[in-house]
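# Observations on the three-dimensional arrangement
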Amino acid sequence: MTHPVAASKLESSPASITIGIDVSKDHLDASRHPGGETIRVANTRKGQTALLRWIGDLTLVARVVFEPTGPYHRTLEERLAGLGVVIIKVNPRQARCFAEATGRLAKTDRVDARMLARYGALLEPVPRPIRSDLHNDLAELVAARRSLMRDRTATLNRIKTLTIDILIRHARHRLRQIEAQVTSLDAALEALVAENEDLLRRREILISIPGLGPVAAHTILADMPELGTMEEGQAASLAGLAPVTRQSGTWRGKSLIRGGRATLRQALYMPALVAMRFNQDLKRVYDRLIAKGKHAKVAITAIMRKLVVLANALLRKDRLWTPKAA
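A brief look at the structure comes next. Note that this is a predicted model, so its numbers are computed, not measured.

## Observations concerning the pairing of strand S3 (residues 38-42)
Pairing between strand S2 (residues 27-33) and S3: five bridges, direction antiparallel. Following the sheet pairing, His27 is matched in S3 by Ala42. Hairpin geometry of S2 and S3 is characterised by an intervening segment of four residues between the two adjacent antiparallel strands and by a positive phi of about 120 degrees at Gly35.

Below is the structure:
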């Protein structure tokens, strides 16, 4: 049954309604724009069915907007996608900035749902491709490996300050456990990628680039599945490696990188250092920037940006990296 919505509130477009959903582990809080009506249902299959009944005629829905919440939004996302609904996943930081810009300082699930609906209706963000189950599994494995590496670094730092034998033994035992688990995850990632011809080919292209090994390639595949479908500037911006111009009147500030996907930038730092040694083109870029007086970190960031742009171009053309002719 279609939920009654006043005809005067609908725009001329046949799909004029935006639904904002605040997703939590136990509940889904939804709001309709225009109108502002809200509903709370359980974050279960039965609750999703009740939500769909409340939404009503899906042909009137222009988009459904929510913030990504790991495993808590996946079943909802898959169900809505199966019904042909346009899904927008909003960066939580951007959504919060939008709420504050509109003067809404309160933060509750119902308020967040209303803000997400309004955000989607006013800004009309571009939808991103929905991740498949395979990509979700890949991302989960990569995130688990990343967590283990953080644990490894913390344990190595802690062991330097330990003085009691039993604590030292425990720390060394934990390091051996971490190494074994990392090896196990690497094997699982290899097996997962090998199951899919497209992923296997994409990884083959990525690791052909000097400096990018399997670990970095898996991170890129998991954290930036859109790579290969974007323009050069879009790829750098999505990775958070495109300089942001800062100026006002006659004042000119330093351009900075900001936003984007931090985990991807972290994964590209070491490959950039390696690429500077084995890729003469990138080494020349680095040397030129240093000669101009740029800080080493600025030059390394430029190399990271070059790697992302290069990876995007090669994936788009479906070809391996080859050195330029002398």
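## Examining the sheet that holds strand S5 (residues 87-89)
Two strands in a sheet stick together by hydrogen bonds in their backbones, pointing the same way (parallel) or opposite ways (antiparallel). One open sheet accounts for five strands, arranged S3-S2-S1-S4-S5; its pairing is mixed. At either margin of the open sheet sits one strand with a lone partner, and together these are S3 and S5. Taking each pair of neighbouring strands and ignoring which way they run, the sheet shows an average axis angle of 25 degrees. Both strand S4 (residues 61-66) and S5 contribute to a ladder of three bridges, which runs parallel.

## What to know about a negative patch on the surface
Taken together, the side chains of Glu78, Asp133, Asp137 and Glu195 present a region of like negative charge at the surface. For Asp137, a relative accessible area of 38% translates into the label partly exposed.

## A few points about helix H11 (residues 280-291)
In a regular helix each residue adds 1.5 Å, so twelve residues correspond to 16 Å; H11 covers 16 Å between its end C-alpha atoms and thus fits that length. Residues of H11 that are buried: Leu282, Val285 and Leu289. End-on view of H11: buried residues confined to an arc of 55 degrees, all on one side of the axis. Contact partners of the buried residues in H11: helix H10 (262-278) and helix H12 (296-317). Of the residues trailing H11, Gly293 is marked for its positive phi of about 95 degrees.

Cut-offs and rules
- Each residue is numbered by its place in its chain's sequence as written, counting from 1.
- With pLDDT at 70 or above as the cut-off, local features in this predicted model cover only qualifying residues; side-chain atom pairs require 80 or more to be listed or tallied, and sums for whole chains, interfaces and linings still use all residues.
- Heavy atoms from the whole structure form the basis of all side-chain values; hydrogens and water molecules are not counted.
- In this description, strands pair whenever DSSP reports at least two bridges between them.
- Secondary structure follows DSSP: runs of H or I at least 4 residues long count as helices, runs of E at least 2 residues long count as strands, and numbering of each begins at the N terminus.
- An axis is simply a line fitted to the C-alpha atoms; with a helix, the fit covers only the stretch in contact. Between two such axes, the angle follows the N-to-C directions and lies from 0 to 180 degrees.
- Without a salt bridge and with relative accessible area above 30%, a residue can belong to a patch; like charges are then joined within 9 Å and nonpolar side chains (Val, Leu, Ile, Met, Phe, Trp, Tyr) within 5 Å.
- Only the protein chains shown count as cover for residues, and all accessible areas are computed by the Shrake-Rupley method using a 1.4 Å probe.
- Salt bridge, as used here: a side-chain nitrogen of Lys or Arg that lies within 4 Å of a carboxyl oxygen of Asp or Glu.
- Working convention for charge: Lys and Arg count positive, Asp and Glu count negative, and His plus the chain ends are omitted.
- For the purpose of locating charges, the reference atoms are NZ of Lys, CZ of Arg, CG of Asp and CD of Glu.
- Here's how the labels work: a residue is buried when its accessible area is under 20% of the maximum for its type, exposed when over 50%, partly exposed in between, all with a 1.4 Å probe on protein chains only.
- Every helix has an expected span of 1.5 Å times one less than the residues it contains.
- An arc is given here, and it is the one of the directions from the helix axis to the C-beta atoms.
- The contact criterion used is simple: two residues touch if any of their non-hydrogen atoms lie within 4.5 Å.

In short, geometric facts, not functional conclusions.
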